[in-house]
Amino acid sequence: MKGIGNMQTNDIEIEVLSKEEKRENRRQRRVRSQRIAYISLVMAVIILVGVIVGGGIFVKHQIDEKKQQEMGEQIAESEMEDSVEESINNIDGENIEESNSEDSVQIEYTPEVVLDEVVEAVISEMTLEEKVAGLFIVTPESITGVSAAVQAGEGTKTALEKYPVGGLIYSGKNIQSEEQVKKMIENSMTYSKYPLFVAADESLAESSQLASYGINLNFVSIENLAVGNGATVCIKGFPYGNIDSGEKQNGLPVINKSLEELKQAEMIPYINAITNEADMIMIGHMALPQVAGDNISITMSKEVISDLLRAELGFNGVVITDAMNINAITEYYGADEVAIKAFKAGADMVLMPENFETAYKGVIAAVQEGTISEDRINDSLKRVFRIKYADRVVE
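Residues numbered from 1 in each chain as written. Predicted model: local features only at pLDDT ≥ 70, side-chain atom pairs only at ≥ 80, totals over all residues. Heavy atoms only, no water.

### Observations regarding the overall build of the protein
Regarding its fold elements, the protein presents 17 helices and 10 strands. Sequence-distant contacts, at least 24 apart, represent 73% of the contacts inside the protein between residues at least 6 apart. Surface summary for the protein: the accessible area is close to 19600 Å², and the carbon and sulfur share equals 49%. (Helix = DSSP H or I, 4+ residues; strand = E, 2+ residues; numbered from the N terminus. Contact = heavy atoms within 4.5 Å. Areas by Shrake-Rupley, 256 points an atom, 1.4 Å probe, with all protein chains shown as cover.)

### Observations concerning the environment of Glu202
When you line up the elements, Glu202 lands in the loop between β3 (197–200) and α9 (210–213). The exposure class of Glu202 is exposed, given its relative accessible area of 71%. (Buried < 20%, exposed > 50% of the residue type's maximum accessible area, 1.4 Å probe, protein only.)

### Re the nonpolar core
Formed by 102 residues in total, the largest nonpolar core has its most connected members in Phe136, Phe238 and Phe385. Ignoring anything within four residues of it in the chain, the contact list for Phe385 reads Val119, Val122, Ile123, Met126, Tyr194 and Ala390. (Core = buried A, V, L, I, M, F, W, Y, C linked by side-chain atoms within 4.5 Å.)

### A closer look at the packing of aromatic side chains
On inspection of all chains with the given rule, the structure shows 8 aromatic pairs. An aromatic cluster of at least three residues, connected via ring pairs, comprises Phe136, Tyr163, Phe343, Phe356 and Tyr360. When the ring centre of Phe197 is taken as reference, the NZ or CZ atom of Lys388 above it lies at 4.8 Å. (Phe/Tyr/Trp six-rings, centres within 6.5 Å; stacked < 30°, edge-to-face > 60°. Lys NZ or Arg CZ within 6 Å of the ring centre and 35° of its normal.)

### Quick look at helix α16 (residues 356–368)
The first and last C-alpha atoms of α16 sit 18 Å apart over 13 residues, in line with the 18 Å expected at 1.5 Å per residue. The complete set of buried residues in α16 reads Phe356, Ala359, Tyr360, Gly362, Val363, Ile364, Ala366 and Val367. Turning to α16, the residues buried within the fold contact α5 (128–133), β1 (136–138), α6 (140–144), α7 (154–162), α15 (335–345) and α17 (374–388). N-capping of α16 is provided by Asn355, with a side-chain oxygen placed 3.2 Å from the backbone N of Glu357. Backbone geometry just after α16 places Gly370 at a positive phi near 90°. (Expected span 1.5 Å × (residues − 1). Polar contact = N/O pair within 3.5 Å; in protein donor to acceptor, adjacent residues only side chain to side chain.)

### A few points about the pattern of salt bridges
Using the criterion set out here, one finds 13 salt bridges in the structure. In this structure, Lys263 engages Glu312 in a salt bridge whose closest nitrogen and oxygen atoms are separated by 2.0 Å. Of this pair, Lys263 sits in helix α10 (residues 259–263) while Glu312 sits in helix α13 (residues 302–312); the two residues are 49 residues apart in sequence, bridging distant segments of the chain. The salt bridge partner of Asp307 is Lys302, with a shortest N-O separation of 3.0 Å. (Salt bridge = Lys/Arg side-chain N within 4 Å of Asp/Glu carboxyl O.)

### Thoughts on the side chain of Ser380
Residue placement: Ser380 occurs in helix α17. For Ser380, a relative accessible area of 0% puts it in the buried group. Leaving out residues up to four positions away in the same chain, Ser380 has contacts with Leu135, Ala347 and Asp348.

### Some remarks on the sheet that holds β3
Taken in spatial order, the 8 strands make up an open sheet running β3-β2-β1-β10-β9-β8-β5-β4, and their pairing is parallel. The open sheet terminates on both sides in strands that have one partner only, identified here as β3 and β4 (217–220). Between one strand axis and the next, the sheet turns through 25° on average, direction left out of account. Pairing geometry for strand β9 (residues 318–323) and strand β10 (residues 349–351), over 2 bridges, is parallel. Bridge assignment links Ile320 to a residue of β10, and that residue is Met349. On the sheet, α15 packs against β1, β9 and β10 and is oriented at approximately 145° with respect to β10. (Pairing = 2+ DSSP bridges. Axes fitted to C-alpha atoms, helices over the stretch in contact; angles between N-to-C directions.)

### Some points on the confidence of the model for the protein
On average, the protein scores 82 in pLDDT, and the residues at 70 or more come to 69%. Residue range residues 1–16 is modelled with pLDDT below 50. Its contacts to residues more than four positions away, or to other chains, number 0 contacts. Counted against residues more than four places away or in other chains, residues 90–102, with its pLDDT under 50, gives 12 contacts. (pLDDT = per-residue confidence, 0-100.)

### Some remarks on the environment of Glu120
With respect to the helices, strands and loops of the structure, Glu120 is situated in helix α4 (residues 111–124). Given the relative accessible area of 39%, Glu120 is considered partly exposed. Distance in space between the C-alpha atoms of Glu120 and Lys382 is 7.4 Å, their sequence separation being 262 residues.

### Focus on unusual backbone geometry
Note on backbone geometry: most residues besides glycine have negative phi, and most peptide bonds are trans. Note the cis peptide between Phe238 and Pro239, where omega equals 5°. Locating Pro239 in the fold gives a position in the loop between β5 (232–238) and β6 (248–249). Phi is positive for Met352, which is not a glycine, with a value near 50°. Among the residues examined, Met352 registers a relative accessible area of 15% and is labelled buried.

### Notes on the pairing of strand β8 (residues 280–283)
Here β8 shows two buried faces, one formed by Met280 and Met282 and the other by Ile281 and Ile283. By the bridge criterion, 3 bridges tie β5 to β8 in an arrangement that is parallel. Directly across from Cys234, in β8, lies its bridge partner Met280.

### Some remarks on the pairing of β9
Of all 6 residues making up β9, 5 are buried, and the element is well covered by its neighbours. With 4 bridges joining them, β8 and β9 adopt parallel strand pairing. Of the residues in β9, the one forming a bridge with Ile281 is Val319.

Here is the structure:
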């Protein structure tokens, strides 16, 4: 009799556990269904917006009718499973009001959550080559091979198909007239598989005409943060600002200050900008031996980028290097070497490598060999895409 009593108790425990597992399975399926349904809606909106602004070619290509159909089938399958299981439970006498129960899950799809979902969806469809290309901002000449790009035609289209770079940077030699540069930039953005950063070098960087040209990324000194012109602002020169004179070694300015000294003076406006959620910061070409422990450019310093800017100051935006084609860099390092060092240090984007193709192929090889993880590349791309896709997610 004692054995029979134990057996009945165990049976009851198994039955209860089975019901709890069923409830949890239903809850998880409903969460999945909500996500699928909402992402489908968001993707449809992004496709529409992309077609209107001419920048959604990639999303339209990737989230095609087949994928929409698959999502619809998953939702239908999940709903059918729920319906069947609810019927069985009703027959068994289970009457669970899950909509009112404490384990009912309601996902709040804020713009931030939707943006993260969109970014994840885009990156999940990208090849390694596309991901790496997306972390470089280059001159149009570096991918087309022409001496001075003044238009964007078939050559630019072919180049962007081969190298879907993260951005293009123009200089005075690229500009003949307002209409000419607007058309060139418009065509380039249309040809690009992904949204492009479009920037201008120092000769144009703080011109009041940038917005009318179609420039959407403005490199601004810490002293001129108000000069945004409606574009994404990248604050230059972290952590010291402009360096007009002083000691130099191997062509680099050397700042012999401690971290505490910098925090009490030159770093103050940067800290304020980070507190105000700056989108992008450029690491300046300088040596900070008391902070980084060496005299190389801090664009390749883990101590400055990952330890100071990210971990200590809490900056979560995009970190980009200063232009990597200056003599103080190219005389001592190859284009691939500096790009790899920059990404390993924590940079998200590399600006103007001396030879883009060499840098690009070097980073791809580094990922394939395990020197840099693909997750590390993905993390940088997520930060970049959060800026690029933000205006396509509406509240």
